[in-house]
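Now for the letters of each chain:
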Amino acid sequence: MDQETIDRDYDVIVLGTGITECILSGLLSVEGKKVLHIDKQDHYGGEAASITLSQLYSKFKQNPLSKEDREAKFGKDRDWNVDLIPKFLMANGELTNILVHTDVTRYVDFKQVSGSYVFKQGKIYKVPANEVEAISSPLMGIFEKRRMKKFLEWISSYKEDDNSTHQGLDLDKNTMDEVYYKFGLGNSTKEFIGHAMALWTNDDYLQQPARPSYERILLYCQSVARYGKSPYLYPMYGLGELPQGFARLSAIYGGTYMLDTPIEEVLYSDTDKKFAGVKTKLGEFKAPLVIADPTYFPDRCKSTGQRVIRAICILNHPVPGTGNADSLQIIVPQSQVGRKNDIYIAVVSDAHQVCSKGHYLAIISTIIETDKPHIELEPAFKLLGPIEEKFMGIAELFEPKDDGSKDNIFLSRSYDASSHFESMTDDVKDIYLRVTGHPLVLKKRAEE
């Protein structure tokens, strides 16, 4: 970049190329805002990047394998795109809606995840994706299946303005436990619905109003109905494709990107001490507001009090008991293994161009509960069969201390332990509202 030709003034500066930040810079660029997007790293994705095998070794291993040994065992480095933070997209979820409405789907190809599984009494079972699977599923007995069917019919037919569809239940007053009681559902069914369909990570939701659970179960059912098999989608070449897709969108609308550019100083206005710009090796850049991930303003963030452990496992075989599925999710409900939080396992393979032929990537994540976090993942390791290589990392979760309105510094939250992007898109919508003053309304943009 020629120093003389660089624009110096922008409407928004975005720091970090995490998925949250790239979506926001894409959305704001489409709206006609002049966006400058900077990252200290030389690749897209921030904390949620997809990296090669050699990058994975140098990040997690003290004494990595030599290049020759690595390639002999795992094939070419360029065949690997390993997600540091594993998540799937719900087929009918908000991130999918944002991708469709912004047309980023033209830059990213998706493949459906083959199945969703749940751990129960030492074995894994497929979560039924249709009526035929539900009838033959060993997850519940025949009478329980009838009650479950009635419950799901209530979910799908519920209409806010039609009392005859409510069955005497009030989503804002009745707890989810009361809803289960109304339909006579047993404990194992409640666990299955709450953890494998509503995707709650613990049981706190039972004593809370039923509306969020109703919305989550409806989203799950609609996502399954969209393509069958499972409610999840996953991008070819890994999640690192998502920030790049939104970066491309931003660039089409005039957004400027600078990778490998550390921030030397944050500039504030003399009068009201609000954000005014940044200083980098390429000089100073001005904007009245900034959107950034927590690593750029650690003093303005606080810990959520939770830490997540993630283990990236390389396998040379499909996960046992899944019918050789090329991709899947396994949920280990907390009560099944004497924990407070669920354990998630996301499995993808060479079918998604994220590893070399014949290999599978299984990424396990959960919220840490003890001072021996590695042992907490043992139930998940047992389900995977022999593991060729294992990489473990622990991340503390951060959130901004305030809403950013005082100093025009708007910060995103860390990626949580959940298995999908719904909490991340809530964060996108929340920041968007604070930055623009109006809620995000998704409308199809005009063709260029």
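Note that the structure is a prediction, hence the values are computed from the model and not measured.

(A) A look at the overall build of the protein chain. When helices and strands are counted, the protein chain shows 13 helices and 20 strands. Taken over C-alpha atoms, the radius of gyration comes to 23 Å for the protein chain, in line with the 22 Å a tight globule of 448 residues would show. Projecting the C-alpha coordinates of the protein chain onto the three principal axes gives extents of approximately 75 × 60 × 45 Å. Counting the 448 residues in the protein chain, one finds 53% classified as buried.

(B) Spotlight on the state of the cysteines. Within this structure, the stated rule accounts for zero disulfides. As a non-bridged cysteine, Cys313 has Cys355 as the owner of its nearest cysteine sulfur, 13 Å distant. Overall, the relative accessible area of 0% leaves Cys313 in the buried class.

(C) Molecular detail of the sheet that holds strand 16 (residues 328-332). With respect to topology, seven strands assemble into an open sheet ordered 8-7-16-17-18-15-19, the strand pairing being mixed. Where the open sheet ends on each side, the last strands, each with one partner, are strand 8 (123-126) and strand 19 (389-400). Across the sheet, the axes of successive neighbouring strands diverge by a mean angle of 25°, strand direction being ignored. One ladder, built from four bridges, connects strand 7 (residues 115-120) with strand 8; its direction is antiparallel. Bridging from a neighbouring strand, Phe119 pairs with Ile124 of strand 8.

(D) Broad picture of the packing of aromatic side chains. Evaluation of the coordinates by the stated rule reveals 15 aromatic pairs. Geometrically, the ring pair formed by Phe151 and Phe183 is edge-to-face, given 5.6 Å between the ring centres and 80° between the ring planes. Placement of the pair is Phe151 in helix 6 (residues 142-157) and Phe183 in the loop between helix 7 (176-182) and helix 8 (187-197), with a sequence separation of 32 residues. A ring pair is formed by Tyr180 and Tyr205, whose centres lie 6.5 Å apart and whose planes are at 85°; its orientation type is edge-to-face. Of the two residues, Tyr180 is situated in helix 7 and Tyr205 in the loop between helix 8 and helix 9 (211-227); the sequence distance between them amounts to 25 residues. With respect to class, Tyr180 is no different from Tyr205; both count as buried. The rings of Phe151, Trp154, Tyr158, Tyr180, Phe183, Trp200, Tyr205 and Tyr214 are connected pair by pair, giving a single aromatic cluster. If you follow Arg8 out to its NZ or CZ, it ends over the ring of Phe285, 4.7 Å from the centre. Here the basic side chain of Lys390 rests over the ring of Phe381, its NZ or CZ set 4.0 Å away from the ring centre.

(E) Spotlight on the sheet that holds strand 5 (residues 89-90). The antiparallel open sheet is built from three strands, whose spatial order is 5-9-6. Each end of this open sheet is capped by a strand with a single partner; those strands are strand 5 and strand 6 (110-112). In the sheet, strand 5 pairs with strand 9 (residues 232-235) via two bridges, with the strands oriented antiparallel. The residue of strand 9 that forms the bridge with Met90 is Tyr232.

(F) Region of the structure containing unusual backbone geometry. Positive phi is not limited to glycine here, since Gln167 has a value of about 55°. Note that Gln167 resides in the loop between helix 6 and helix 7. By relative accessible area, which is 37% here, Gln167 ends up partly exposed. One non-glycine residue, Lys229, lies in the positive phi region at around 65°. With respect to the secondary-structure elements, Lys229 resides in the loop between helix 9 and strand 9.

(G) Looking closely at helix 6. Taking 1.5 Å of rise per residue, 16 residues should cover 22 Å, and helix 6 covers 23 Å from first to last C-alpha, within 8% of that figure. Residues of helix 6 that are buried include every one of Glu144, Lys145, Met148, Phe151, Trp154 and Ile155, and no others. Among the structural elements, helix 5 (131-136), helix 7, helix 8 and helix 9 are those in contact with the buried residues of helix 6.

(H) Examining the side chain of Gln334 more closely. Within the element layout of this structure, Gln334 appears in the loop between strand 16 and strand 17 (343-349). In this structure, Gln334 is in contact with His195, Thr201, Asn202, Asp203, Arg339, Lys340, Asn341 and Asp342, ignoring residues within four places of it in sequence.

(I) Spatial organisation of the nonpolar core. With 96 residues, the main nonpolar core has Phe151, Phe192 and Ile291 as its most contacted residues. Setting aside its immediate chain neighbours within four residues, Ile291 contacts Val12, Ile13, Val14, Leu15, Leu24, Leu28, Phe410, Ile431 and Val435. Leu328, Val332, Ile343 and Ile345 belong to the second-largest nonpolar core, a separate cluster that totals 24 residues.

(J) Highlighting the domain arrangement of the protein chain. What the domain assignment reports for the protein chain is domain 1 (10-45 + 238-300 + 397-434), domain 2 (66-111 + 303-395) and domain 3 (127-159 + 170-225). Contacts between the two partners involve 14 residues from domain 2, matched on the other side by 12 residues from domain 3. Interface area for domain 2 against domain 3, summed over the two sides, is near 1100 Å², with a carbon-plus-sulfur share of 53%. Of all residues in domain 2, Met90, Asn92 and Tyr344 bury the most surface against domain 3, accounting for 40% of the area lost on that side. Where domain 2 touches domain 3, the interface holds zero salt bridges. Our enumeration of links across domain 2 and domain 3 arrives at seven residue pairs in polar contact (both at pLDDT 80 or more).

(K) Broad picture of the environment of Lys159. Relative to the helices and strands, Lys159 is located in the loop between helix 6 and helix 7. Apart from the residues lying within four places of it in its own chain, the contact partners of Lys159 are Thr165 and His166.

(L) Expanded view of the pairing of strand 12 (residues 275-280). Among the six residues in strand 12, five count as buried, and that is most of the element. Sheet analysis places strand 11 (residues 265-268) next to strand 12, joined by four bridges and oriented antiparallel. From the neighbouring strand, Tyr268 faces strand 12, where its bridge partner is Phe275. Linking strand 11 back to strand 12 in an antiparallel pair, the connection comprises six residues, with Lys273 at a positive phi of about 60°. Taken together, the four bridges between strand 12 and strand 13 (residues 283-286) define a ladder with antiparallel strand orientation. Paired with Val278 across the bridge in strand 13 is Phe285.

Thresholds, definitions, all that
- Residues numbered from 1 in each chain as written.
- Predicted model: local features only at pLDDT ≥ 70, side-chain atom pairs only at ≥ 80, totals over all residues.
- Heavy atoms only, no water.
- Helix = DSSP H or I, 4+ residues; strand = E, 2+ residues; numbered from the N terminus.
- Rg over C-alpha atoms; globule rule 2.2 N^0.38 Å.
- Buried < 20%, exposed > 50% of the residue type's maximum accessible area, 1.4 Å probe, protein only.
- Disulfide = S-S within 2.5 Å.
- Pairing = 2+ DSSP bridges.
- Axes fitted to C-alpha atoms, helices over the stretch in contact; angles between N-to-C directions.
- Phe/Tyr/Trp six-rings, centres within 6.5 Å; stacked < 30°, edge-to-face > 60°.
- Lys NZ or Arg CZ within 6 Å of the ring centre and 35° of its normal.
- Expected span 1.5 Å × (residues − 1).
- Contact = heavy atoms within 4.5 Å.
- Core = buried A, V, L, I, M, F, W, Y, C linked by side-chain atoms within 4.5 Å.
- Domains from an automatic or database assignment.
- Buried area = accessible area lost by both parts, 1.4 Å probe.
- Salt bridge = Lys/Arg side-chain N within 4 Å of Asp/Glu carboxyl O.
- Polar contact = N/O pair within 3.5 Å; in protein donor to acceptor, adjacent residues only side chain to side chain.

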